[in-house]
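Inside the fold
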Amino acid sequence: MAAASQPVGRQPYAPTGIEDWARSDAYHNSFLIGEDPVLDAVVKNNKAQGLPDIAVSTAQGKLLNLLAKSIGAKRILEVGTLGGYSTIWLARGIPRDGRVVTLELSEKHAQVARENITNAGFASQVEVVVGPAAETLKSLQPDPPFDLAFIDADKPGNLTYFTEAKRLVRSGGVIIVDNVVRNGRVADPSLSDDNIEGARKLLNGIKGDSEVDATTIGTVGEKGYDGFLYAVRK
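Report on the accompanying structure.

Cut-offs and rules
- Residues numbered from 1 in each chain as written.
- Predicted model: local features only at pLDDT ≥ 70, side-chain atom pairs only at ≥ 80, totals over all residues.
- Heavy atoms only, no water.
- Helix = DSSP H or I, 4+ residues; strand = E, 2+ residues; numbered from the N terminus.
- Rg over C-alpha atoms; globule rule 2.2 N^0.38 Å.
- Buried < 20%, exposed > 50% of the residue type's maximum accessible area, 1.4 Å probe, protein only.
- Contact = heavy atoms within 4.5 Å.
- Phe/Tyr/Trp six-rings, centres within 6.5 Å; stacked < 30°, edge-to-face > 60°.
- Lys NZ or Arg CZ within 6 Å of the ring centre and 35° of its normal.
- Core = buried A, V, L, I, M, F, W, Y, C linked by side-chain atoms within 4.5 Å.
- 1 Å grid on protein atoms, 1.4 Å probe; cavity = no way out; pocket = protein on both sides within 12 Å on 5 of 7 lines; lining within 4 Å.
- Points joined across faces, edges and corners; volume = space filled by probe spheres on them.

1. Regarding the overall build of the protein
- Helix and strand counts for the protein stand at eight helices and seven strands.
- Its C-alpha atoms give the protein a radius of gyration of 18 Å, within 12% of the compact-globule value 17 Å for 234 residues.
- Projected onto its principal axes, the C-alpha positions of the protein cover 60 × 45 × 35 Å.
- Here the protein holds 234 residues, and the buried ones make up 46% of them.
- By sequence separation, contacts in the protein at least 24 residues apart represent 71% of the contacts at least 6 residues apart.

Shown next, in the form of structure tokens:
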């Protein structure tokens, strides 16, 4: 059997870092995700308005879009709107009679998101609700229930948001929680902060939960080393 060819310029299994991951994202995106002036304008506006650069990456946004399409989602719940970047990716994954309900604590962020969502052509399909998500979620009584929930808000609230999402998502529906690996720090017992503990609390809360089936997928890319939890409601 012929020996496997080795990559030029790098030894196999050499350590990699965020520059490598970002370059890889850009390379793959150049083949799989076309030019997108609408979302480019969203990124530009978010930056101009002073919003933090913590939205999902282009590749992650496309993944959310494809997941929504793959399960035939018509109703989506998002916890954590920021400037509406991920919201627009999700809205693109539902039919014209579908709906996205997205929850945001900051009135300023919500205003920016509404502007971006309107400019993207989804004002009639997306509802931005302002207020503490834990309280808003408890007030929701969707009929029919949501098909997909994407949670990307303050990390200490993860378990609360996930617990409410279980109530709000249909059987067979999907719940995704972002940022649960945090550069591997969640698995390091010597480290702790509010975000790490939020991820750990979520994992402890799900352990043995007979109402969901879940896994964590680690990711690397232009946003660094992190990962998301993917759960299916039984």
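That shown, we press on.
2. Considering the packing of aromatic side chains
- Counting across every chain of the model gives one aromatic pair.
- Centre to centre, the rings of Y27 and F31 are 5.0 Å apart; their planes meet at 70°, and the pair counts as edge-to-face. Taken together, the residues Y27 and F31, both in helix α1 (residues 18–32) and four residues apart, mark about one turn of the helix.
- Judged by relative accessible area, F31 falls into the exposed class, the value being 58%.
- The cationic tip of R92 hangs over the ring face of W89; the distance from NZ or CZ to the ring centre is 5.5 Å.

3. Focus on the nonpolar core
- Counting residues in each nonpolar core, the largest one holds 32 residues, and the members touching the most others are I76 and I176.
- Elements with a contribution of two residues or more to this core: α2 (37–48), α3 (58–70), α4 (85–91), α5 (107–119), β3 (126–130), β4 (146–151) and β5 (169–178).
- Sort the elements by how many residues they give to this core and α4 lands first, with five residues.
- Contact partners of I176, with chain neighbours within four places excluded, come to L64, L67, L148, A149, F150, I151, F228, L229 and Y230.
- Counting 30 residues, the second largest nonpolar core, distinct from the first, contains V79, A153, V186 and A199.

4. Some thoughts on the layout of surface pockets
- The volume enclosed by the largest pocket comes to roughly 930 Å³.
- Lining the largest pocket are 48 residues, with I54, D152, K155, D178 and N179 positioned closest to its centre.
- Broken down by secondary-structure element, the contributors of at least two residues to the lining of the largest pocket are α3, α4, β2 (99–104), β5, β6 (212–221) and β7 (224–233).
- Per-element tally for the lining of the largest pocket: the top contributor is α3, with five residues.

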